[in-house]
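Remarks on the overall topology
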Amino acid sequence: MVNSEPARRREATADEAKAVAHPLRIRILQVLRGETLTNKEIAERLGSTPGATLHHLQLLTEHGFTAAEPARAGARNAREIPYRATGKTLGLTFNPSLPESALVGPAILDSALENYRQAPEAGRMSETSVTLYLSEAQRSGFQDRLAALISEYAENQPGEDVQKYGFFSAMYRAAVPESDAPAAPSGDQADG
């Protein structure tokens, strides 16, 4: 049975935020969702070098975002260490007002755009960009409902009748030119 209530989350520490705040690290976590892969396999999937991915993988492992599985014999009996994502990021929030966490959002955006660019054209399901006018209560409700929907489907595990899909969502307060900004409420004016 799927739990439709969003999981309880906590704010990431500065070290956790720094560990995640890189597009390649985000992509490593995404590639490892539901799979165990060696450093070499990760590098091949991401179009990177094993040296670059190993550096990022070690940092993710040090902070508990990935974990090494028991070593196995690979090609020519070479020792291979497969890694898996721990799911730790699903239990964290990243407060963009904190310097360390402020880098996580751009890293997620960069990784999502790179994943989208690398997806075959036939695999791109949909793109949407919309401007919404919402009260604070509506905005909060919208985000809560979207988070619950994502949490519901994020619990799905790999299987015969499922495929792996990427999904990206961002919500931001739209920039408003000064000429379009609402007039300031009338009241006392400072002399000057």
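Before any of the text, the structure's been laid out above.
Rules behind the numbers
Every chain is numbered on its own, with residues counted from 1 as its sequence reads. Only residues with pLDDT of 70 or above have their local features reported here, since the model is predicted, and side-chain atom pairs are shown and tallied only from 80 upward, although totals for entire chains, interfaces and linings are computed over all residues. Excluded from the side-chain calculation are hydrogens and water; included are all heavy atoms of the structure. What we call a nonpolar core is a set of buried Ala, Val, Leu, Ile, Met, Phe, Trp, Tyr and Cys residues that are connected through their side-chain atoms within 4.5 Å. Whether a residue is buried, partly exposed or exposed follows from its accessible area with a 1.4 Å probe, protein chains only, as a fraction of its type maximum: under 20%, in between, or over 50%, in that order. Put simply, DSSP H or I for four residues or longer makes a helix, DSSP E for two residues or longer makes a strand, and each gets a number counted from the N terminus. Between two residues, a contact is recorded if the distance between any of their heavy atoms is within 4.5 Å. In this scheme, a helix's expected span is set at 1.5 Å multiplied by one less than its residue total. Comment: arc refers to directions from the helix axis out to C-beta atoms. Every axis in this analysis is a line fitted to C-alpha atoms, fitted for helices over the stretch in contact. Angles between the N-to-C directions lie between 0 and 180 degrees. Angular relationships are summarised with four words: roughly parallel below 35 degrees, roughly antiparallel beyond 145, roughly perpendicular across 65 to 115, and oblique for the angles in between. Here the nonpolar group is Ala, Val, Leu, Ile, Met, Phe, Trp, Tyr, Cys and Pro; Asp, Glu, Lys and Arg are the charged ones; every other residue, Gly included, is treated as polar. Strands pair, by our definition, only if DSSP identifies at least two bridges between them. Each Phe, Tyr or Trp ring, with Trp reduced to its six-membered ring, pairs with another whose centre is within 6.5 Å; inter-plane angles below 30 degrees give stacked pairs, above 60 give edge-to-face pairs, and intermediate values give tilted ones. Working rule: Lys NZ or Arg CZ, within 6 Å of ring centre, within 35 degrees of ring normal, means a charge sits over the ring.

**Overview of the nonpolar core**
- Core analysis: the biggest nonpolar cluster contains 21 residues, and Ile28, Val31, Leu32, Ile42, Leu46, Leu57 and Phe65 have the highest contact counts within it.
- Taken together, the elements giving at least two residues each to this core come down to α1 (14–20), α2 (23–32), α3 (39–46), α4 (50–62) and α5 (104–118).
- Element by element, the count of residues in this core is highest for α2, at six residues.
- Look past the residues within four positions of Leu46 in its chain and what remains in contact with it is Leu24, Arg27, Ile28, Val31 and Gln118.

**A look at the side chain of His56**
- Its location among the elements puts His56 in helix α4.
- Apart from residues lying up to four places away in sequence, His56 is in contact with His22, Leu24, Arg25 and Ile28.

**Here's the deal with α4**
- With 13 residues, α4 should reach 18 Å at 1.5 Å per residue; the first-to-last C-alpha distance of 18 Å fits that figure.
- All of the buried residues along α4 are Thr53, His56, Leu57 and Leu60. One face of α4 carries all of its buried residues, which in axial projection span an arc of 105°. Exposed and oriented more than 90 degrees from the buried face of α4 are Gly51 and Glu62.

**Quick notes on the packing of α2 against α3**
- Contact geometry for α2 and α3: axes closest at 10 Å, N-to-C directions at 110°. In terms of axis orientation, α2 runs roughly perpendicular to α3. Contact with α2, carried on its side by Leu24, Arg27, Ile28, Val31 and Leu32, involves Ile42, Arg45 and Leu46 of α3 and no other residues of that element.
- Residues of the contact of α2 with α3, tallied by class, amount to six nonpolar, no polar and two charged.

**Describing the sheet that holds strand β2 (residues 37–38)**
- Taken together, the three strands give an open sheet; going across it, the order is β2-β6-β3, and neighbouring strands pair in antiparallel fashion. The strands lining the two open edges of the sheet, one partner per strand, are β2 and β3 (66–68).
- With two bridges joining them, β2 and strand β6 (residues 82–85) adopt antiparallel strand pairing. Counted as the bridge partner of Thr38 is Pro82 from β6.
- Along the sheet, α2 makes contact with β2, β3 and β6, crossing β6 at roughly 95°.

**Topic: the packing of aromatic side chains**
- Throughout the structure, instances matching the rule amount to zero aromatic pairs.
- Looking at Lys88, its charged tip hangs above the ring of Phe65, at a distance of 4.8 Å from the centre.
- Seen from the ring of Tyr116, Arg124 lies directly overhead, with NZ or CZ sitting 4.5 Å from the centre.

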